[in-house]
Amino acid sequence: MNAAVRAVVRMGIYVGAKVYFIHEGYQGMVDGGDNIKEASWESVSSMLQVGGTVIGSARCKDFRTHEGRLRAALNLVQRGITNLCVIGGDGSLTGANLFREEWSGLLDELVQSGEISEEASQIHSALHIVGMVGSIDNDFCGTDMTIGTDSALHRIIEVVDAIMTTAQSHQRTFVLEVMGRHCGYLALVSALACGADWVLIPEMPPKDGWEEQMCNKLSESRLRGSRLNIVIVAEGATDRHGNPISSNAVKDLVVRCLGFDTRVTILGHVQRGGTPSAFDRILASRMGVEAVLALLEASPGTPACVVSLCGNQAVRLPLMECVQMTQEVQKAMDEKRFEDAVRLRGSSFNVAVLNVGAPAAGMNAAVRSAVRVGITEGHTMFAVSDGFEGFCKGQIKEIKWGDVGGWTGQGGSLLGTKRTLPAKHIDKIAEQMRIHNINALLVIGGFEAFESLLQLFDARSRYEEFCVPMCMLPATISNNVSGTDLSIGADTSLNAIVEVRRTTLSQNDRCYDDDQHSAEMERENCQIVSTKQTHLHLGWHEGKYIFSKFSFLGDLFL
């Protein structure tokens, strides 16, 4: 956490911002006073190697109340603070988002009570929030790794390595209990790293009869010549019926069934302490820099985001979408839907790919690329036929690596595409999202695709199925989607225009020198006249061809 604090302070100062420490978490924000102090460049020196957090952290009941958040808002306004970088778990980040949503109302109350002026309310009218996840459990969905997890794993492996020498010398079995009340990441990864014989985690309770299977496994290991056994238990491990499985219960089972000399070691808060690993120092520093950049770029309408690690890149994701997905894991575990819990906990997504609007050359290449990259990253890819019209009818099937072979050079849309927008079928589309458990949408198309995602975004308040990552790839020959210099398909249709021009000129014995042709193409707003007197206005602007009013060429562009 200290590396993240250091990065935020120094990056903030570097870009000219005034940075404050808020000591003791939300409690310090509510109490104000000396808990909120301006930070300097030197105040974060020699922090990288220090464990824990030097600015303190505390659970705060006051911040859960409206009155507490009102006092916190007053303390921030008095110091001119309108940007918050929150480092914590899903509870802390949810509280920060609630604070942001209430901000305008809190300022109105402060104005009415006379504690701040109307002018101050206008100056500080928007509160921007960026979160970073600090948790040794790595239990937050949307990020590959949370700050602190790698260091905790180092602590566990150091202890296991030390214990294994004793276990081997005395031919003992050791049962190690590690942290993880609701998440088994530490237990699972440490078991893999040290070659443990058995592991028990909350998300995947063992099936009935696991006691006999585990004892057989330990016994077989000894028969093969091993002098020790290692069993790792997450503190929140249970069986399929919700009954806790404690480390002492595992020890008693081994002693009773196998007679092995067995010891229990509970690591406890050792896992949280100590100096951070090199990975955690770099991870936290990168996230801190990205958090400051996100705050600088935020506008009043920008939703709260969380800085995550995805594929070794620091990225920004919608805060509440990640929080909701994290909470879905616990909900699935409470309802004993353990397979769903494992799927939600992992990085694998079910990604649906569809084309929307008129076909454009290159759509198939985009689908092929998306499918194969998705499969490489471990995701399950689904193809939707005929756009949202097919989506609502359930024309959805898993698409494999080989299914998109040879798609790159083919024109049109092999998936099929329609101009139908989702609004008229929103109920059925939500149902299909739920049936096929779609976790992300990739929509390839032109303005209809753009409009479709806006409609789905508007429906999020009514359908939780649409609270998933959505992305659009602009594919339209008109090149009329803002935000990109060139849309997929635009260049191919432009080539078709040029080819038709050459053909018509040749047919009428009108030959142009190549240099003259190039000069004409580069002129602004060049007009091409065919034998049928169809006018195509073709221009070049900031690296783009701009063209309009095409008639007889029709589907040739596609």
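Cut-offs applied
Residues numbered from 1 in each chain as written. Predicted model: local features only at pLDDT ≥ 70, side-chain atom pairs only at ≥ 80, totals over all residues. Heavy atoms only, no water. Patch = residues over 30% accessible without salt bridge, like charges linked within 9 Å, V, L, I, M, F, W, Y side chains within 5 Å. Areas by Shrake-Rupley, 256 points an atom, 1.4 Å probe, with all protein chains shown as cover. Salt bridge = Lys/Arg side-chain N within 4 Å of Asp/Glu carboxyl O. Lys, Arg positive; Asp, Glu negative; His and termini not counted. Charge placed at Lys NZ, Arg CZ, Asp CG, Glu CD. Helix = DSSP H or I, 4+ residues; strand = E, 2+ residues; numbered from the N terminus. Core = buried A, V, L, I, M, F, W, Y, C linked by side-chain atoms within 4.5 Å. Buried < 20%, exposed > 50% of the residue type's maximum accessible area, 1.4 Å probe, protein only. Contact = heavy atoms within 4.5 Å. pLDDT = per-residue confidence, 0-100. Polar contact = N/O pair within 3.5 Å; in protein donor to acceptor, adjacent residues only side chain to side chain. Expected span 1.5 Å × (residues − 1). Pairing = 2+ DSSP bridges. Axes fitted to C-alpha atoms, helices over the stretch in contact; angles between N-to-C directions.

(A) Structural context of a positive patch on the surface. A contiguous patch of positive charge on the surface is contributed by R59, K61, R64, R181 and R272. Locating R272 in the fold gives a position in the loop between β8 (262–266) and α10 (278–297).

(B) Representation of the nonpolar core. In terms of nonpolar packing, the biggest core is built from 34 residues, with M29, F63, L76, L84, F99 and W103 touching the most fellow members. Looking at this core, the elements with two or more residues in it are α2 (25–31), α3 (66–78), β3 (83–88), α4 (90–112), β4 (128–133) and α11 (319–334). A per-element tally of this core places α4 first, with seven residues. Every residue in contact with F63, bar those within four places of it in the chain, is listed here: Y26, M29, V30, R69, A72, G95 and F99. If you look at the next biggest cluster of nonpolar residues, it comprises 25 residues, including M433, I438, A449 and M472.

(C) Spatial organisation of the confidence of the model for the chain. Averaged over the chain, the pLDDT score is 86; the fraction of residues at 70 or greater is 90%. At the low end of the mean pLDDT range in the chain sits strand β17 (residues 526–529), at 35; at the high end sits helix α1 (residues 2–14), at 96. Across residues 509–541 the pLDDT falls below 50, and counting only partners more than four positions away or on other chains, this stretch makes 58 contacts in the model. Counting interchain partners and residues more than four positions distant, the pLDDT-below-50 stretch residues 544–558 has 50 contacts.

(D) Layout of the side chain of R222. Tracing the chain through its elements places R222 in helix α8 (residues 210–223). We note that R222 is buried and unpaired, the nearest opposite charge coming from D197 at a distance of 7.2 Å. Here Q171 takes part through its backbone oxygen, which lies 3.4 Å from a polar atom of the side chain of R222. In terms of polar contacts, R222 uses its side chain to reach the side chain of T173, at 3.2 Å. Discounting chain neighbours no more than four positions away, the residues touching R222 are Q171, R172, T173, R227, L228, N229 and F260.

(E) Representation of the environment of T143 in the model. Inspection of the secondary structure assignment puts T143 in the loop between β4 and α6 (149–170). Owing to a relative accessible area of 10%, T143 belongs among the buried residues under this scheme. In the structure, T143 is positioned 10 residues away from V133 in sequence and 8.6 Å away in space, judged by C-alpha atoms. Those residues in contact with T143, other than ones at most four positions away along the chain, are M287, S308 and L309. Of note is the side chain of T143, whose polar atom sits 3.0 Å from the backbone oxygen of M145.

(F) Structural context of α11. Helix length check: α11, at 16 residues, gives a terminal C-alpha distance of 23 Å against a target of 22 Å (1.5 Å per residue), a fit within 8%. Among the residues of α11, those classed as buried are L319, E321, C322, V323, M325, T326, V329, A332 and M333. Buried-residue contacts for α11 involve α4, β9 (305–310), β10 (313–318) and α12 (338–345). In the stretch just after α11, K336 is the one whose phi turns positive, near 60°.

(G) Fine view of a nonpolar patch on the surface. Where nonpolar side chains cluster on the molecular surface, the patch consists of Y14, V15, W41 and L296 and spans about 440 Å² of accessible area. Structurally, W41 is set in the loop between β2 (36–38) and α3.

(H) Structural context of the sheet that holds strand β7 (residues 229–234). Taken together, four strands build an open sheet; the order of strands is β6-β7-β5-β8 and the sheet is parallel. The open sheet terminates on both sides in strands that have one partner only, identified here as β6 (198–200) and β8. Going across the sheet, the axis of each strand differs from the next one's by a mean of 15°, ignoring polarity. Sheet topology places β6 next to β7; three bridges connect them, and they run parallel. Directly across from W198, in β7, lies its bridge partner V231. Sitting on the sheet, α6 is in contact with β5 (173–178), β7 and β8, with an inclination near 165° to β5.

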